[in-house]
Amino acid sequence: MDPDLAMLFAVLRTWLKAAATAAGLTDAQIILANQDGPRPPLPYATVNVLTYDAKLGEDETWVDASDPPQLRQRGVRTGTLSVQTFGRGAATWLRRAVGRLRHPSVLAVTTEAGVTVEPTGGLQNLTNLVDTSMEPRFQRDFSVLYRTVSDPETAIELDTVEVDSTSGPLDDFVVTLT
């Protein structure tokens with residue numbers, strides 16, 4: 001799995017678990033959408049990362065002070081995700097998840113990871129017939145903003161540079177910089 005996607009999913013799972021304290025959901029009940037495997041028991045949620053890694057602004061390049069110096073790039077990325085909840089209490093769980101986005105326990109996790117989650121649009125009722133009964137199913141979409149940092153590359157320190165510059169109408173003015 002892509003490292004940015006794995007980091008996003010881990011943060012989102014922690015947030016959704018914190019919002020579902022009354023439901024007592026586990027990691028096994030908050031799954032990445034569209035994966036092979038058996039359907040977990042109700043209630044559960046799927047997280048579908050629709051888009052990610054959309055660059056916002058320009059990336060910054062910096063050299064850290066290690067020995068040897070390491071060159072890195074960092075920037076801000078955006079994405080869109082959709083959370084679907086299944087089973088009794090699915091609508092309540094999504095409403096609580098939105099309501100807890102700014103709670104200290106959730107902010108501690110999202111701030112540490114450099115992730116911001118914002119709801120876009122309202123709660124969608126997708127209740128559907130499964131086998132012989134109606135299954136409660138709700139969806140809410142979110143935008144995410146997160147930071148990314150590249151792998152380090154060893155920077156080469158520059159010791160001495162000598163530049164000769166000739167200018168003027170007769171090319172008779174020479175400047176040497178060291």
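A brief structural summary. (Residues numbered from 1 in each chain as written. Predicted model: local features only at pLDDT ≥ 70, side-chain atom pairs only at ≥ 80, totals over all residues. Heavy atoms only, no water.)

1. Observations concerning the overall build of the chain
Just so we agree on the cut-off: Put simply, DSSP marks the helices as runs of H or I at least four residues long and the strands as runs of E at least two long, and each gets a number from the N terminus on. Burial here depends on accessible area, computed with a 1.4 Å probe over protein chains only, as a share of the maximum for the residue type. Under 20% is buried, over 50% is exposed, and the range in between is partly exposed. Contact between two residues is taken to exist if any of their heavy atoms lie within 4.5 Å; hydrogens are not considered. All accessible areas in this document rest on Shrake-Rupley with a 1.4 Å probe, and a residue is counted as covered only by the protein chains that are shown.
In terms of helices and strands, the chain carries three helices and ten strands. In sequence order, the secondary structure elements of the chain are arranged as α-β-β-β-α-α-β-β-β-β-β-β-β. Looking at the 178 residues of the chain, the share that counts as buried comes to 31%. Nonlocal contacts in the chain, meaning residues at least 24 apart in sequence, comprise 61% of its contacts between residues at least 6 apart. When the accessible area of the chain is evaluated, it comes to approximately 11000 Å², of which 53% is carbon and sulfur surface.

2. Let's talk about the packing of aromatic side chains
Applied cut-off: Only Phe, Tyr and Trp rings are paired, with Trp represented by its six-membered ring, and only when their centres lie within 6.5 Å; those with planes under 30 degrees apart are stacked, over 60 edge-to-face, the remainder tilted.
As enumerated under the stated definition, the model contains two aromatic pairs in all. For the ring pair Trp15 and Phe142, a centre distance of 5.1 Å and an interplane angle of 85° mean the geometry is edge-to-face. With Trp15 in helix H1 (residues 3-19) and Phe142 in strand E7 (residues 137-149), this residue pair connects regions lying 127 residues apart in the sequence. Across the pair, Phe142 and Trp15 agree in class, each one buried.

3. Some details on helix H2 (residues 90-99)
Applied cut-off: By definition, the arc is the one covered by directions from the helix axis to the C-beta atoms.
When we look at burial in H2, the residues that qualify are Ala90, Ala91, Trp93, Leu94 and Ala97. Projected onto a plane normal to the axis of H2, the buried residues spread over an arc of 165° and lie on a single side.

4. A word on a nonpolar patch on the surface
Note the cut-off: Any residue with relative accessible area above 30% and no salt bridge may belong to a patch, with like charges joined within 9 Å and the nonpolar Val, Leu, Ile, Met, Phe, Trp and Tyr side chains within 5 Å. We define a salt bridge as a contact between a side-chain nitrogen of Lys or Arg and a carboxyl oxygen of Asp or Glu at a distance within 4 Å.
Nonpolar side chains collect at one region of the surface, where Leu56, Val76 and Leu145 lie side by side and expose about 210 Å² of accessible area between them. Structurally, the position occupied by Leu145 is in strand E7. For Leu145, a relative accessible area of 33% puts it in the partly exposed group.

5. Focus on the pattern of salt bridges
Using the criterion set out here, one finds nine salt bridges in the structure. Close ionic contact of Arg13 with Asp27 constitutes a salt bridge, the shortest N to O distance being 3.9 Å. Residue Arg13 is found in helix H1, and its partner Asp27 is found in the loop between H1 and strand E1 (30-32); the two are separated by 14 residues along the sequence. We note a salt bridge from Arg39 to Glu135, for which the minimum N-O separation is 2.4 Å. A residue pair is termed long-range when its members are at least 10 positions apart, and Arg39 in the loop between E1 and strand E2 (44-63) and Glu135 in strand E6 (residues 133-135) qualify at 96 residues. Through salt bridges with shared partners, a single ionic network connects Arg13, Lys17 and Asp27.

6. Some words on the nonpolar core
The test is simple: Throughout this description, the term nonpolar core refers to a set of buried Ala, Val, Leu, Ile, Met, Phe, Trp, Tyr and Cys residues connected via side-chain atoms within 4.5 Å.
Judged by nonpolar contacts, the single largest core of 30 residues is most densely connected at Trp15, Leu16, Val47 and Val117. Where this core is concerned, the elements lending two or more residues are H1, E1, E2, strand E3 (70-86), H2, strand E4 (115-125) and E7. The biggest single contributor to this core is H1, with nine residues. With residues up to four places along the chain from it excluded, the contact list for Val47 reads Phe9, Leu12, Leu16, Ile30, Ile31, Leu32, Ala33, Leu81, Ser82 and Val83.

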